[in-house]
Amino acid sequence: MPGWLSSLRELIAEASPLRRFMLALLVLLPLAALATAYLWFNPPVYRVLYTQLSDRAGGEVIAALDQLDIPYRLSAADGTIEVPVGQLHAARYRLAAQGLPRSDADAQDEIDRAPRFGASSLQEQQRFQRALEIDLARSIQSLEAVELARVHLALPKVSPFLRNAPPATAAVLVRLRPGAQLTTEQVTTIQALVAAGVPRMKRTEVQVLDPRGVLLGGAVAEAEPTQRMALEQDLARRVLAVLEPWLGRDRVSVQVTATLEDSEIRQTVERVRNVVIGGQARPLEKTVRTTLEPEGRIRRVNAIVILNFDADAAAIRRAGQMARQALGLQPARGDSLNVYALPAATPEPQAELPVEPLVAQSPPASIPRVQPASPPPAPPVHGIPPWVVAAAAVVLLLVAMAGLRRRRREPAIEAPAADFDAELDAARNRVLADPRVTADVIKLWMRA
């Protein structure tokens, strides 16, 4: 044994009890100080056990942790339960074995499933509605972006004295996961899920909201109009595809309005054929037929075709027949088609320029202006009397009017009547402005 250890042993053996106690303190105090310093500078790391626990569920978890002797602490920021990181998974497994934590829906579900004797029909209806809300909320929570969901249903009582029962409505409150966001398709999926699980409920009667009260999927309500608009545009293109090669690109306009089914319709018809045997009616054949009409089916189509010219009755009838074939209209469904033709445009009256009498001098620049109050008689032009000039003007006007009548008898599709009126005005102005040319034309006609 070393000499210093023998000396220490003899010193402790010869020391009084008080001195022995002081020696023990000298040894233990440094060790305690080192342990305290280590724990102070290296505190145990805590992790959140469960997030977003209700007050009732949090109380059940704390009571279970006390029984399991698992240390925990409550966060000062939001009151969440934290346990040491080394015991985090063990605590979750041991709590799960006890069925913890339980959500409010689970607790209410357990209460609702408890046997109740003597419950009224109203209480049974409330329990059924509550169970339906819980099941729908669980299905919605299965979506990846949804952390928590709650469904509220409004199911009006059906009365046999009402022809049209009031529709059922629903409100879905969802809380999304951090950083998650619902797309339009996901909102539509939630609406379709709730509408499919509740009788007499349409998808448009389901509203989805977030905890801030903001209505999600504001464009979902436009999903059906978007489908309807696409169908209307396709039908209008079909009509234009058959009418434009015949009438022209800018001579026809089409407007189509389609009405679609907003929900799925299921109709079941049961037919029983009875045969009298021995004076008794016995069912011989039983037929059950179920018809399913999907959502978005065409209920009715209304169309208008406008011909941008003064078309006759034959052209309007032909355009209507071609448009009906292109649209595939069904009169039994209530479809309708109207064809209209725009009337011919009436030309605005043009102000006639005052015609000054011409004289025989040449060139025309030297023609003197004569006061309209007392115009002298116009001398003959190139030896042609004035009555010939007037007769030529009358003849040209008659020829132009005859051509106008002949052209008006032709279909209005060839040329509008407004162009003919413009040509007539131009011919009349040319005759009055330069009668010399008209006189030469009359001379040629007379020589021939």
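This text goes with the structure placed above it.
Remember, it's a predicted structure, so these values are computed and weren't measured experimentally. The numbers attached to residues start from 1 for each chain and follow its sequence in the written order. It should be noted that, the model being predicted, local features are given only for residues of pLDDT at least 70 and side-chain atom pairs only at 80 or more, the latter also being counted only at that level, while totals for whole chains, interfaces and linings use all residues. For the side-chain quantities, the full set of heavy atoms in the structure was used; hydrogens and water were omitted.

## Quick notes on the packing of helix α3 (residues 55-68) against helix α4 (residues 88-97)
Threshold: Between N-to-C directions, angles span 0 to 180 degrees; the directions come from axes that are lines fitted to C-alpha atoms, helices contributing only their stretch in contact. Counting from the N terminus, the helices are the DSSP runs of H or I reaching at least four residues and the strands are the DSSP runs of E reaching at least two. Every angle not falling under 35 degrees, over 145, or within 65 to 115 is termed oblique; those three ranges are roughly parallel, roughly antiparallel and roughly perpendicular. In what follows, a contact means two residues having at least one pair of non-hydrogen atoms within 4.5 Å. The residue classification treats Ala, Val, Leu, Ile, Met, Phe, Trp, Tyr, Cys and Pro as nonpolar and Asp, Glu, Lys and Arg as charged. All others, Gly included, are polar.
Contact geometry for α3 and α4: axes closest at 11 Å, N-to-C directions at 110 degrees. When the axis of α3 is compared with that of α4, the two are roughly perpendicular. Contacts between α3 and α4 involve Val61, Ala64, Leu65 and Leu68 from the former and Ala91, Arg94 and Leu95 from the latter. Class assignment for the residues of the contact of α3 with α4 results in six nonpolar, no polar and one charged.

## Comments concerning the nonpolar core
As a reminder of what qualifies: To form a nonpolar core, buried Ala, Val, Leu, Ile, Met, Phe, Trp, Tyr and Cys residues must be joined to one another through side-chain atoms within 4.5 Å. For the exposure calls, accessible area comes from a 1.4 Å probe over protein chains only, and a residue counts as buried if that area is under 20% of its type's maximum, exposed if over 50%, partly exposed in between.
Membership of the largest hydrophobic core comes to 23 residues, with the highest contact counts inside it found for Ile140, Leu153, Val172, Val174, Val194 and Met201. Of all the elements in the fold, those that place two or more residues in this core are α6 (121-141), β4 (146-154), β5 (168-176), α7 (184-197) and β6 (201-209). Judged by nonpolar contacts, the second largest core, of 22 residues, contains Ala236, Val256, Ala303 and Ala315.

## Considering helix α1 (residues 3-14)
Put simply, the test is: A helix's residues, less one, multiplied by 1.5 Å, set its expected span.
The terminal C-alpha atoms of α1 lie 17 Å apart, and with twelve residues this matches the ideal 16 Å at 1.5 Å per residue to within 8%. For α1, a buried count of zero out of twelve residues is recorded, marking the element as mostly open to its surroundings.

## Some words on unusual backbone geometry
With an omega of -5 degrees, the peptide bond between Leu100 and Pro101 qualifies as cis. Note that Pro101 resides in the loop between α4 and α5 (104-112). The backbone of Asp69 sits at a positive phi, close to 60 degrees, despite the residue not being glycine. Here Asp69 is to be found in the loop between α3 and β2 (73-74). In this structure, Arg200 is a non-glycine residue whose phi angle is positive, near 60 degrees. Note that Arg200 resides in the loop between α7 and β6.

## Observations concerning the packing of α6 against α7
Here is the rule we go by: Crossings are assigned a handedness: left-handed for a near helix turned anticlockwise from the far helix by less than a right angle, right-handed for a clockwise turn.
Direction vectors running N to C along α6 and α7 enclose 150 degrees, while the axes themselves pass 11 Å from each other. Viewed along their axes, α6 and α7 adopt a mutual orientation that is roughly antiparallel. Considering how the two elements wind past one another, α6 and α7 form a crossing that is right-handed. Across from Leu132, Leu136, Ser139 and Ile140 in α6, the residues of α7 making contact are Ile190, Leu193, Val194 and Gly197. Class assignment for the residues of the contact of α6 with α7 results in six nonpolar, two polar and no charged.

## Concerning the side chain of Asp210
Counting through the fold element by element, Asp210 comes out in the loop between β6 and α8 (223-247). Beyond its immediate chain neighbours, meaning those up to four positions away, Asp210 contacts Leu173, Val174 and Leu216.

## Looking at the sheet that holds β4
Quick note on the threshold: Paired strands are those between which DSSP finds at least two bridges.
Within the open sheet, the three strands sit side by side as β4-β5-β6. Their pairing is mixed. Among the strands making up the open sheet, the edge pair consists of β4 and β6. Each neighbouring strand pair of the sheet contributes to a mean axis angle of 25 degrees, computed without reference to strand direction. The strands that α6 touches are β4 and β5; relative to β4, the one it contacts most, it runs at about 150 degrees. Its contacts with the sheet place α7 against β4, β5 and β6, and it is angled at close to 130 degrees to β6.

## A short note on a nonpolar patch on the surface
Threshold: Residues enter patches when they are more than 30% accessible in relative terms and free of salt bridges; like-charged ones are connected within 9 Å and nonpolar ones (Val, Leu, Ile, Met, Phe, Trp, Tyr) within 5 Å. Only the protein chains shown count as cover for residues, with accessible areas throughout obtained via the Shrake-Rupley method and a probe of 1.4 Å. Salt bridges are counted wherever a side-chain nitrogen of Lys or Arg sits within 4 Å of a carboxyl oxygen of Asp or Glu.
On the surface, Trp4, Leu5, Leu8, Leu11, Ile12, Leu23, Leu26, Val27, Leu28, Leu31 and Leu34 cluster together into a nonpolar patch covering about 1100 Å² of accessible area. Breaking the nonpolar patch down by element, the ones donating at least two residues are α1 and α2 (17-41). No other element matches α2, which puts six residues into the nonpolar patch. A relative accessible area of 38% places Leu8 in the partly exposed class.

## Focus: the pairing of strand β10 (residues 298-307)
The condition that has to hold: When the strands point away from the viewer and the connection leading from the first strand across the helix to the second strand turns clockwise, the crossover is called right-handed.
Pairing between strand β7 (residues 252-260) and β10: nine bridges, direction antiparallel. Each residue of the ladder has a partner; that of Thr257, found in β10, is Asn302. Here β10 runs beside strand β11 (residues 336-341); their pairing, made up of six bridges, is parallel. Bridging from a neighbouring strand, Ala303 pairs with Leu337 of β11. Crossover β10 to β11 through helix α9 (residues 313-327) is right-handed.

By themselves, these observations are geometric and do not establish any function.
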